[in-house]
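Residues per chain, in single letters:
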Amino acid sequence: MVMVFYGNNGKSNPVSMESRVEHQTKNQITYDIHLPSNLGMLYKVRLGLQSLENSISQLSLHHFKIQNTSTLDTFSLTINKTLPLNGDRWIEFPIQWPLKQALSVVTYHLTVFSRNILSERNSVHMTACIYGTHGDTGDRSLLQSLQNVQHGEENESFLVIVDAVELGELNKIVLLISSKTDCKLHIKKLHMKEAVKEHPTYVFEVNEEFSVDANKLKIQREIPRSFVIRGGKQNNDIDDNLNKEGSQVRHVTEYIIKVYTGDKRGAGTDANVHIILYGDEDKSEVFHLSQSLEHQNPFERGKVDSFEIKTKKLGNLHSIEIGHDGKGFASGWFLEKVEIADAARDSLYCFNCNRSVDQSIITLYILYILCTRI
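An unreviewed UniProt entry lists the protein chain under the name LOXH1 protein, with Smithornis capensis given as the organism.

Spelled out as structure tokens, the structure:
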């Protein structure tokens, strides 16, 4: 068994309990632990089993007590949990000191969207460490206890439940992947949110195929947060901004969207294209790009089509969702890039793509593209 202590200045290395027994009775073990002074005020403990892979007997934990030997401040908590619990071999709890408000324990839903992980799950070991402004979860197993499993020909998804002291704003996930056999795993994206809340949903785009070699070390990949889906109305916000004295719209932003279709054989499409804009304050409704300012038939090979839209205040754009419905002859489409001009902010956002939007994403016809601000 190991413990990790989190303070407002950082966290400790894993502290093994094996060789730190100070006093032991039938139902109680006392440890003498010396922590770095630069951790600052302790605010949470992560307690668990050192091995995430080997099968072990269950360990029942009843009570936890910690005392600062300098100030004699004492914190105690009744746990009454057994590890491993629901496939997770870690538990976290906040430390509450006198006159100091403690954080709360939150149940998170982490949804993994992939292509073939489920078919390889018996030989694959995969963990995720989720980082936020209030620390991290440590490595949590993704394949021990799955829920809401959904299969498809090209797509699959499953839900992983993670209990942790509230993490604050999530900013990255670190994946560790290993396998008993050589295999290739395609991970599309990860969604994470609090179980009791619909929003915000933190989206981590991966879109990578991992070649796992059984004879090599674990693959580690750091996935930064792509964007956040916030709550709120999606279709009626502009109407709500109309004032009572007339039809003057407040807080409405106008964008000019330029869509660049690639100059190669079969690049154009006759399908119906849609787009959603994501900003750091909100996201837009779905816009269907049908009335090009330049061409009667948009999205032809080597052409640039401009579209004018108006939507609620979004803030700085950080990503878009663009795709098509697959209808029409030759619906495959090679999208070079999308440029979006915000005249009010004097900003131009460039979303590079340089790939086909075709049958490879037939289920949703969605392509998430991160942006570069110019």
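From this point, the discussion proceeds with the structure in view.
K.L.:
A description of the nonpolar core should follow, citing residues and the corresponding values.
P.N.:
Residues Met-126, Leu-142, Ile-177, Ile-187 and Leu-190 are the most contacted members of the largest nonpolar core, which totals 35 residues. Mapped onto this core, the elements with two or more residues apiece are strand E10 (105–114), helix H1 (117–120), strand E11 (124–132), strand E15 (156–165), strand E16 (170–179), strand E17 (183–194), strand E18 (201–212) and strand E19 (219–224). Formed by 23 residues, the second largest nonpolar core is a distinct cluster that contains Tyr-255, Ile-320, Ile-322 and Tyr-349.

K.L.:
Hey, could you go over the pairing of strand E8 (residues 74–83) for me, with residue numbers and the actual values?
P.N.:
In the sheet, strand E7 (residues 59–67) pairs with E8 via eight bridges, with the strands oriented antiparallel. The partner of Leu-61 across the bridge, within E8, is Lys-81.

K.L.:
Could you give me a rundown of the confidence of the model for the protein chain, with the residues and numbers involved?
P.N.:
Overall, the prediction assigns the protein chain a mean pLDDT of 80, with 82% of residues at 70 or greater. Mean pLDDT across the elements of the protein chain ranges from a minimum in helix H2 (residues 237–240), with 36, to a maximum in E16, with 95. Counting contacts from residues 232–250, a segment whose pLDDT is below 50, to residues more than four positions away or on other chains yields 24 contacts. Scored below 50 in pLDDT, residues 359–369 makes 36 contacts in the model with residues more than four places away or belonging to other chains.

K.L.:
Could you give an account of the pairing of E16, with specific residues and numbers?
P.N.:
Counting buried positions along E16 yields eight of 10 residues, so the element is predominantly enclosed. Here nine bridges tie E11 to E16, and the two strands are oriented antiparallel to one another. Counted as the bridge partner of Tyr-131 is Lys-172 from E16. For E16 and E19, the ladder comprises six bridges, and the chain directions are antiparallel. Looking at the pairing, Ile-177 lines up with Ile-219 of E19.

About the thresholds
- Residues numbered from 1 in each chain as written.
- Predicted model: local features only at pLDDT ≥ 70, side-chain atom pairs only at ≥ 80, totals over all residues.
- Heavy atoms only, no water.
- Core = buried A, V, L, I, M, F, W, Y, C linked by side-chain atoms within 4.5 Å.
- Buried < 20%, exposed > 50% of the residue type's maximum accessible area, 1.4 Å probe, protein only.
- Helix = DSSP H or I, 4+ residues; strand = E, 2+ residues; numbered from the N terminus.
- Pairing = 2+ DSSP bridges.
- pLDDT = per-residue confidence, 0-100.
- Contact = heavy atoms within 4.5 Å.

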